[in-house]
2 protein chains.
Amino acid sequence: VGHFDKSDEGFLSGTTVILTRDGAVGGVDVSGGGPGTRETDLLAPGNLVERAHAIVLSGGSAYGLDAAHGTMLWLEEQQIGYPVGFTPDQIVPIVPAAILFDLGRGGLFTARPDQDFGYQAAANAAGGPVATGNVGAGMGASAGGLKGGFGTASIDLGDGIYVAAVVAINAAGQPFNPATCELYGAYLEVGDEFGGLTTPAPEDCQDSGFGGSSASTTTEGVNALNTTIGVVATNLPLTKAQAGKMAAVAHDGMARGIRPVHTQFDGDTIFALSTGKGQITSECTTAAVFPVDAVCTIVLNDVFQAGADAFTRAIVHAMIDAQTVAGLTSYCDEFPTACAGTSGPATDGGAGQTTGGGGATLEESPLPIPTPVTGGGLGAAVLLIAGALFLRRRRGHTEPGGVAARATG
Amino acid sequence: VGHFDKSDEGFLSGTTVILTRDGAVGGVDVSGGGPGTRETDLLAPGNLVERAHAIVLSGGSAYGLDAAHGTMLWLEEQQIGYPVGFTPDQIVPIVPAAILFDLGRGGLFTARPDQDFGYQAAANAAGGPVATGNVGAGMGASAGGLKGGFGTASIDLGDGIYVAAVVAINAAGQPFNPATCELYGAYLEVGDEFGGLTTPAPEDCQDSGFGGSSASTTTEGVNALNTTIGVVATNLPLTKAQAGKMAAVAHDGMARGIRPVHTQFDGDTIFALSTGKGQITSECTTAAVFPVDAVCTIVLNDVFQAGADAFTRAIVHAMIDAQTVAGLTSYCDEFPTACAGTSGPATDGGAGQTTGGGGATLEESPLPIPTPVTGGGLGAAVLLIAGALFLRRRRGHTEPGGVAARATG
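Computed from a prediction, not measured in an experiment: that's the story for all the values here.

Right, let's talk about the overall build of chain A for a bit. Within chain A, the regular secondary structure consists of seven helices and 17 strands. In chain A, which comprises 409 residues, the proportion classed as buried is 62%. When contacts within chain A are restricted to residue pairs at least 6 apart in sequence, those whose partners lie at least 24 apart make up 78%.

Encoded structure:
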């Protein structure tokens, strides 16, 4: 994962690239009413290309799709792509992309990601910690009137299967219940990953201008154009069709974390990637009853559901890691009593970026998994995408429950 | 709306028909992994037929699709259908249908809805109260190991626009958070429609065998084949494409009310209907900025979102109105402290059926709307579908807040 963003000279926008150097089977689900995408049609089952080499998430509305071309150029230099000729340089990198609307939030309507953003974000991509908050595609994001951002979450399902999500939340709807101002996704916390996040004090909510209403909401009067975009990924081998279904089910996680969602003002789009590097090591006891290809259906269900939950959790991380900027207040600044127990925004990496404990490539030495629980159980929070394993450790501490989380970049 | 069901002689199943005598513009979204449907392809925008004359929801897995033929025969007798000849009797009724899996729950695998169920349910259809709980398509339903059922909810958005939902919840996932045993959808209560429903006492949850776990879930070990089906409806004029979008967004309501959902074991399907009898009477102030056909996009968003919320609320009603039967415990019997404040299952209509205050056709005299609130506001809970206005009044009392709800049939 790599970010590139600008927050000066009229900019407040950026681009995030999820690199899969070896290619990953891809799927997509576009459920929002105002999407901006490219290279999504090739992800349909039956079409020729099976694997994507990168996913680009970017600000800049449809103009920001230009960033994907920059990522293609970087990949071409690396000779990573779909072979279409007789020499290694005759390739076409497959780079599906989706954008979100943040035009003008930095002051200048024309200050938006271009090819250079996509090139630089790809060049910045590395294993290890992933920065969250006001970075990459989340730099200019807003959500329900507050500052949105970039977030990640992951989970170890045991049996060597990992699931992860990244999100840039930029929603017309709210990620918190206006009746209580609690983040909708808080109930899906794994271990202590949200670091003491709680429901804000009632007066905090009432005084905010967001709270005190019933749970009913409307898109009337909001900063109208938005879009939440993201990626769910697993190392479980999936077909393109299964990856598409994983993306579709991940939208359930978006629905649990944001309300309303998938409005006509949101181009909500989720990609799914399968590196295929994982294997199911335990027996699939009901495989004979409900076979789906070679993968047990229950494992599929667990992976799809874990993707949905990781997506919701990534939304929470994005909101609590975001920082106030350009007239957009962060959730933790708006509701300080909600975040009082957390360690607060990171300060050692600037702009919401926590560098964590070094970016060592952990692909070949995954974290020890204290107590893998079968079927939806939680071990170490680890994500393996293609050649880059990145993991999330919140503020550098490890939970006794076996969940290690680190703000990652 | 009409039900027909059986709970003896090996049966525990039934059929529900939503009649739209004048036809209603229809849409559908099939998001589950194991659907059973008919006449859904004609609902695609661009295909010939614009309006459906009934939607059939039925138990019986794919065998239960036979019920739709019975509904067609009843409609043919009534000379309601799509004209294909030169005389009024040369018609083809348009009856999209979806089924849920409840085979064998009454003891006999072969005791399942047939044509007669669809015919009788259509004949039983009437305006006025709609029975909920163990009725119709919800008769044999289960949800997360508890008794599922049939539920409804509706809302008045003001400006003469109504939105309603009916659901037969039969989910592999759980409609309650296993960490607290609280129904997921409880937070979307309108007024006092759930009648004092609350989070069960911790010991109630711990002792249940369902609770005490984290919020993580799996489909492992559950009664594997399921499916939640339903209909959202509005009187706002919609195109077929817009109706399809309304159905898609209603799945967000399913995701908020059930977790996991849309699994490979659920054929989760939602239809949307637009009678087109409503009109927007207030100005659409941003119409010039975001026009979508003749309808303001913000109104569309509000209607779609209200459909999603009504769907979640209907799930809650289905769960608290369901009754223990055939080894499936109801939510209120499993967690008595959650329902202690409610008036409990109705007893005056048998089997969860509350006849309420008579089935007078209210189409031309809708309930007075105390304080319509613009944009997502709540007035009287009223539903107008085609010629039949049915409303929901919980246990015969009217809320001071202006919400009248009645268990309706």
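To continue, consider the packing of helix 1 (residues 66-77) of chain A against helix 2 (residues 115-124) of chain A. All names here are of chain A. Relative orientation of the contacting elements helix 1 and helix 2 amounts to 45°, with a least axis distance of 6 Å. Comparing the axis directions of helix 1 and helix 2 gives the class oblique. Here the hand of the crossing between helix 1 and helix 2 comes out right-handed. Contact residues: Asp 66, Ala 67, His 69, Gly 70, Thr 71, Leu 73, Trp 74 and Glu 77 in helix 1; Gln 115, Gly 118, Tyr 119, Ala 122 and Ala 123 in helix 2. Residue classes in the contact of helix 1 with helix 2 are distributed as six nonpolar, five polar and two charged.

So, about the pattern of salt bridges. Counting across every chain of the model gives six salt bridges over all chains. Ionic pairing is found between Arg 259 of chain B and Asp 309 of chain A, a salt bridge with its closest N-O pair at 2.5 Å. Of this pair, Arg 259 of chain B sits in the loop between helix 4 (240-257) and strand 13 (269-274) while Asp 309 of chain A sits in helix 5 (residues 297-321), each in a different chain. Taken individually, Arg 259 of chain B and Asp 309 of chain A each receive the classification buried, so the pair is uniform in this respect. Among the ionic pairs, Arg 313 of chain B bridges to Glu 193 of chain B, the shortest N-O distance being 2.7 Å. With Arg 313 of chain B in helix 5 (residues 297-321) and Glu 193 of chain B in the loop between strand 11 (162-169) and helix 3 (202-206), the pair connects residues that are 120 residues apart, well separated along the chain.

As a further point, take the nonpolar core. One recurring pattern in soluble globular proteins is that nonpolar side chains are buried together. Leu 197 and Tyr 331 of chain A together with Leu 197 and Tyr 331 of chain B are the most contacted members of the largest nonpolar core, which has 108 residues in total. Residues in contact with Tyr 331 of chain A, not counting those within four places in the same chain, are Leu 146, Phe 176, Cys 181, Glu 182, Leu 183, Leu 197, Pro 200, Met 319, Ile 320, Ala 338 and Cys 339 of chain A.

All names here are of chain B. With the rule as written, the count across this model stands at four disulfides over all chains. What pairs with Cys 181 in a disulfide is Cys 205, and their sulfur atoms sit 2.1 Å apart. What sets the handedness of the Cys 181 and Cys 205 disulfide is the S-S torsion sign, and at about 70° it is right-handed. With Cys 181 in the loop between strand 11 and helix 3 and Cys 205 in helix 3, this residue pair connects regions lying 24 residues apart in the sequence. Taken individually, Cys 181 and Cys 205 each receive the classification buried, so the pair is uniform in this respect.

Residues and elements named next belong to chain A. Across all of its chains, the model carries 16 aromatic pairs over all chains by this definition. For the ring pair Phe 11 and Phe 117, a centre distance of 5.7 Å and an interplane angle of 25° mean the geometry is stacked. Note that Phe 11 is positioned in the loop between strand 1 (2-6) and strand 2 (13-30) and Phe 117 in helix 2, a separation of 106 residues in sequence. Considering the side-chain rings of Phe 176 and Phe 335, the 5.6 Å spacing of their centres and the 65° angle between planes classify their relative orientation as edge-to-face.

A few words on unusual backbone geometry. Excluding glycine, residues mostly carry a negative phi; peptide bonds, for their part, are mostly trans. Along the chain, Arg 259 of chain A connects to Pro 260 of chain A via a cis peptide bond; the corresponding omega equals -5°. One can find Pro 260 of chain A in the loop between helix 4 (240-257) and strand 13 (269-274). Phi is positive for Ser 61 of chain A, which is not a glycine, with a value near 50°. Structurally, the position occupied by Ser 61 of chain A is in the loop between strand 4 (51-58) and helix 1. Residue classification places Ser 61 of chain A among the buried positions, given a relative accessible area of 17%. The phi dihedral of Cys 181 of chain B falls on the positive side, at around 65°, and the residue is not glycine. The exposure class assigned to Cys 181 of chain B is buried, which follows from its relative accessible area of 0%.

This paragraph deals with the pairing of strand 2 (residues 13-30) of chain B. Residue and element names in this part refer to chain B. By the criterion of burial, strand 2 is predominantly enclosed, with 15 of the 18 residues buried. Where strand 1 (residues 2-6) and strand 2 come together, five bridges link them in antiparallel fashion. Within strand 2, the residue paired with Phe 4 across the bridge is Thr 15. What sits between the antiparallel neighbours strand 1 and strand 2 is a turn of six residues, in which Glu 9 has the positive phi angle 55°. As defined by bridge partners, strand 2 adjoins strand 4 (residues 51-58) across seven bridges and the pair is classed as antiparallel. Of the residues in strand 4, the one forming a bridge with Leu 19 is Ala 54. Here strand 2 runs beside strand 13; their pairing, made up of six bridges, is antiparallel. In the sheet register, Val 28 faces strand 13, and the bridge partner there is Phe 271.

As a further point, take the environment of Ala 233 of chain A. By the element assignment, Ala 233 of chain A lies in strand 12 (residues 229-234). The sequence separation of Ala 233 of chain A and Ala 52 of chain A amounts to 181 residues, and the corresponding C-alpha distance is 12 Å.

On to the pairing of strand 10 (residues 149-156) of chain A, then. Residues in a regular strand point their side chains to alternate faces of the sheet. All names here are of chain A. In terms of residue burial, strand 10 counts as a mostly covered element, since eight of its eight residues are buried. Side chains Gly 149, Gly 151, Ala 153 and Ile 155 of strand 10 all project onto a buried face; the interleaved residues Phe 150, Thr 152, Ser 154 and Asp 156 project onto the opposite face, where all are buried too. Two strands pair when backbone bridges link them, and strand 10 and strand 11 (residues 162-169) are joined in this way by eight bridges, in the antiparallel orientation. When the sheet's bridge partners are listed, Thr 152 is paired in strand 11 with Val 166. Two successive antiparallel strands, strand 10 and strand 11, enclose a turn made up of five residues, where Gly 158 displays a positive phi of approximately 80°.

Let's shift gears to helix 4 of chain B. For helix 4 of chain B, which comprises 18 residues, the first-to-last C-alpha distance of 26 Å matches the rise-based estimate of 26 Å (1.5 Å per residue) to within 8%. Among the 18 residues in helix 4 of chain B, 15 count as buried, and that is most of the element.

To continue, consider the packing of helix 4 of chain B against helix 5 of chain B. All names here are of chain B. Relative orientation of the contacting elements helix 4 and helix 5 amounts to 40°, with a least axis distance of 7 Å. Here helix 4 is positioned oblique relative to helix 5, judged by the angle of their axes. Remark: the crossing between helix 4 and helix 5 carries right-handed chirality. Taking contact as the criterion, the partners of Gln 242, Lys 245, Met 246, Val 249, Ala 250, Asp 252, Gly 253, Met 254, Arg 256 and Gly 257 in helix 4 are, on helix 5, Leu 300, Val 303, Phe 304, Gln 305, Gly 307, Ala 308, Asp 309, Phe 311, Thr 312 and Ile 315. Considered class by class, the residues forming the contact of helix 4 with helix 5 number ten nonpolar, six polar and four charged.

With that out of the way, let us pick up helix 2 of chain A. Residues and elements named next belong to chain A. Looking only at helix 2, the buried set comprises Phe 117, Gly 118, Ala 121 and Ala 122. Down the axis of helix 2, the buried set is contained in an arc of 125°. They therefore lie on one face. In this fold, the buried residues of helix 2 make contact with strand 1, strand 2 and helix 1. One side-chain oxygen at the N-terminal end of helix 2 lies 3.1 Å from the backbone nitrogen of Asp 116; it belongs to Asp 114.

All names here are of chain A. Its location among the elements puts Leu 75 in helix 1. Judged by relative accessible area, which is 0%, Leu 75 ranks as buried. For the pair Leu 75 and Pro 93, spaced 18 residues apart in sequence, the C-alpha to C-alpha distance is 6.3 Å.

Our next topic: the confidence of the model for chain A. Residue and element names in this part refer to chain A. This prediction gives chain A a mean pLDDT of 81; 76% of its residues lie at or above 70. Counting interchain partners and residues more than four positions distant, the pLDDT-below-50 stretch residues 285-294 has twelve contacts. Low pLDDT, under 50, characterises residues 344-409; the stretch is placed with 180 contacts to residues that sit more than four places away or in other chains.

Right, let's talk about the environment of Lys 147 of chain B for a bit. Residue and element names in this part refer to chain B. By the secondary structure assignment, Lys 147 is in strand 9 (residues 146-147). Through-space distance from the C-alpha of Lys 147 to that of Ala 67 is 23 Å; in sequence the pair is 80 residues apart. From its side chain, Lys 147 meets the backbone oxygen of Gly 138 in a polar contact 3.1 Å long. Side-chain polar atoms of Lys 147 contact the backbone oxygen of Met 139, separated by 2.9 Å.

Parameters at a glance
Residues numbered from 1 in each chain as written. Chains lettered and ligands numbered in written order. Predicted model: local features only at pLDDT ≥ 70, side-chain atom pairs only at ≥ 80, totals over all residues. Heavy atoms only, no water. Helix = DSSP H or I, 4+ residues; strand = E, 2+ residues; numbered from the N terminus. Buried < 20%, exposed > 50% of the residue type's maximum accessible area, 1.4 Å probe, protein only. Contact = heavy atoms within 4.5 Å. Axes fitted to C-alpha atoms, helices over the stretch in contact; angles between N-to-C directions. Parallel < 35°, antiparallel > 145°, perpendicular 65-115°, else oblique. Left-handed = near helix turned anticlockwise from the far one by under 90°. Nonpolar A, V, L, I, M, F, W, Y, C, P; charged D, E, K, R; others polar. Salt bridge = Lys/Arg side-chain N within 4 Å of Asp/Glu carboxyl O. Core = buried A, V, L, I, M, F, W, Y, C linked by side-chain atoms within 4.5 Å. Disulfide = S-S within 2.5 Å. Phe/Tyr/Trp six-rings, centres within 6.5 Å; stacked < 30°, edge-to-face > 60°. Pairing = 2+ DSSP bridges. Expected span 1.5 Å × (residues − 1). Arc of directions from axis to C-beta. Polar contact = N/O pair within 3.5 Å; in protein donor to acceptor, adjacent residues only side chain to side chain. pLDDT = per-residue confidence, 0-100.

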